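# Examination of the molecular architecture
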Amino acid sequence: MAKSTRAETAARAAQLRAEAARKDRQRTQVIAASVAVVVVVIAVVLGVVISNRPKDAPAAGSTAGSGGGAAALATLEKLPATLFDKAPAPSPSQAPAKLQGGTALTQDGKPKVLYIGAEYCPFCAMERWALIGALSRFGTFTGVTETTSSSTDVHPDTPTFSFKDAKFTSDTVAFQAVETQDRDGKPLQTLDGENLALFQKFNPGGGIPWITYGGTHATDGATVDANAFEGKTYDQIIAGIQDPTSDIGKTVTPAINVITAQICSQTKGQPANVCTSQGVQSASVLLKR
């Protein structure tokens, strides 16, 4: 009887140990499954955060061969004359002002357009669209790069282009640009010599963008409507420019015509096909007032 009791007790103990081991395995499996679920949730959350994180604005110096800026630039440089002939009449505020005491500014025997601005500057960002559109009617740009204006200034992250490495080839007009600061406000290119003297003489307030056309006329600040650019992408801006009835088209296409007319007045009407076009001739009337 005693032997039989000990055997039963041993069997019962073995059964209890087996039951305890089974429960331990179950707890381990539950904990492991819970940990796996938490890991998956964390991964999903991180993936959503990363995918929704704003992309860094393209820095000046990035090639214009990628993204919406490349296509927009290519289109801007090849806009047809028929588009400008449909443009609204420019406003007097878009016309360059005559510089009292200004003398002819030339380079290689050609009238020179001198642009002074900065990559961080939102109004420079907007004006470059009109300036590139106009100058492309006289020649060819290389080295223009895409960027955006400062993220911390008014009209933040305005899509635009930088003239830092730009070169311009034309038979009739010369172009020089000085981007004085980069997108972060750090010194970039030096304004000196004749360019500095002109800037200080005719623009003592130091506002940018400042553009002189042949040393006799100049604009101080953007000649396009800043509100039209608010929140727009490269694609939206160039699409707007191609539609003279859009908010952007109503301000950029007449600005391009005025700039073109101003340059034509200094190139003696060359090239003729550009300077005699309907849109340019209409804008020329404004310059004679």
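None of the values given here were measured: they were computed from a predicted structure. (Residues numbered from 1 in each chain as written. Predicted model: local features only at pLDDT ≥ 70, side-chain atom pairs only at ≥ 80, totals over all residues. Heavy atoms only, no water.)

### Topic: the overall build of the chain
Counting secondary structure elements, the chain contains nine helices and ten strands. Looking at the chain as a whole, 43% of its 289 residues are labelled buried. Carbon and sulfur atoms form 56% of the exposed surface of the chain, whose accessible area is close to 15000 Å². (Helix = DSSP H or I, 4+ residues; strand = E, 2+ residues; numbered from the N terminus. Buried < 20%, exposed > 50% of the residue type's maximum accessible area, 1.4 Å probe, protein only. Areas by Shrake-Rupley, 256 points an atom, 1.4 Å probe, with all protein chains shown as cover.)

### Remarks on the side chain of Thr158
As for its position among the elements, Thr158 is in the loop between β5 (145-148) and β6 (159-162). By relative accessible area, which is 3% here, Thr158 ends up buried. Polar side-chain contacts of Thr158 include one of 2.8 Å to the backbone oxygen of His155. If we ignore the near neighbours within four places in the chain, the residues touching Thr158 are Ala125, Met126, Thr147, Thr148, Ser149 and Phe229. (Polar contact = N/O pair within 3.5 Å; in protein donor to acceptor, adjacent residues only side chain to side chain. Contact = heavy atoms within 4.5 Å.)

### Considering the packing of helix α7 (residues 247-266) against helix α9 (residues 278-287)
Helix-helix packing is characterised by the crossing angle of the two axes and by the distance between the axes. Viewed as axis vectors pointing N to C, α7 and α9 meet at an angle of 75 degrees, and their least axial separation amounts to 8 Å. With respect to each other, α7 and α9 are oriented roughly perpendicular. In contact with Asn257, Val258, Thr260, Ala261, Gln262 and Cys264 of α7, α9 contributes Gly279, Val280, Ala283, Ser284, Leu286 and Leu287. For the contact of α7 with α9, the per-class residue count stands at seven nonpolar, five polar and no charged. (Axes fitted to C-alpha atoms, helices over the stretch in contact; angles between N-to-C directions. Parallel < 35°, antiparallel > 145°, perpendicular 65-115°, else oblique. Nonpolar A, V, L, I, M, F, W, Y, C, P; charged D, E, K, R; others polar.)

### As for the packing of aromatic side chains
This structure, assessed with the given rule, holds ten aromatic pairs. Look at Trp129 and Tyr234: their rings are 6.1 Å apart centre to centre, the planes differ by 45 degrees, and that puts the pair in the tilted class. One end of the pair, Trp129, is in helix α4 (residues 122-135); the other, Tyr234, is in helix α6 (residues 234-241), and 105 residues separate them in sequence. Summarising the burial analysis for this pair, Trp129 and Tyr234 share the class buried. Where Phe168 meets Phe175, the ring centres are 6.2 Å apart and the plane angle is 80 degrees; that geometry is what we call edge-to-face. Judged by relative accessible area, Phe168 falls into the buried class, the value being 14%. One aromatic cluster is present, formed by Tyr115, Phe141, Phe163, Phe168 and Phe175 through successive ring pairs. (Phe/Tyr/Trp six-rings, centres within 6.5 Å; stacked < 30°, edge-to-face > 60°.)

### Here we look at the side chain of Gln266
Within the secondary structure, Gln266 sits in helix α7. At 2.6 Å, the side chain of Gln266 and the backbone oxygen of Tyr213 are in polar contact. For Gln266, the contacting residues outside a window of four places in its chain are Pro111, Tyr213, Gly214, Thr216 and His217.

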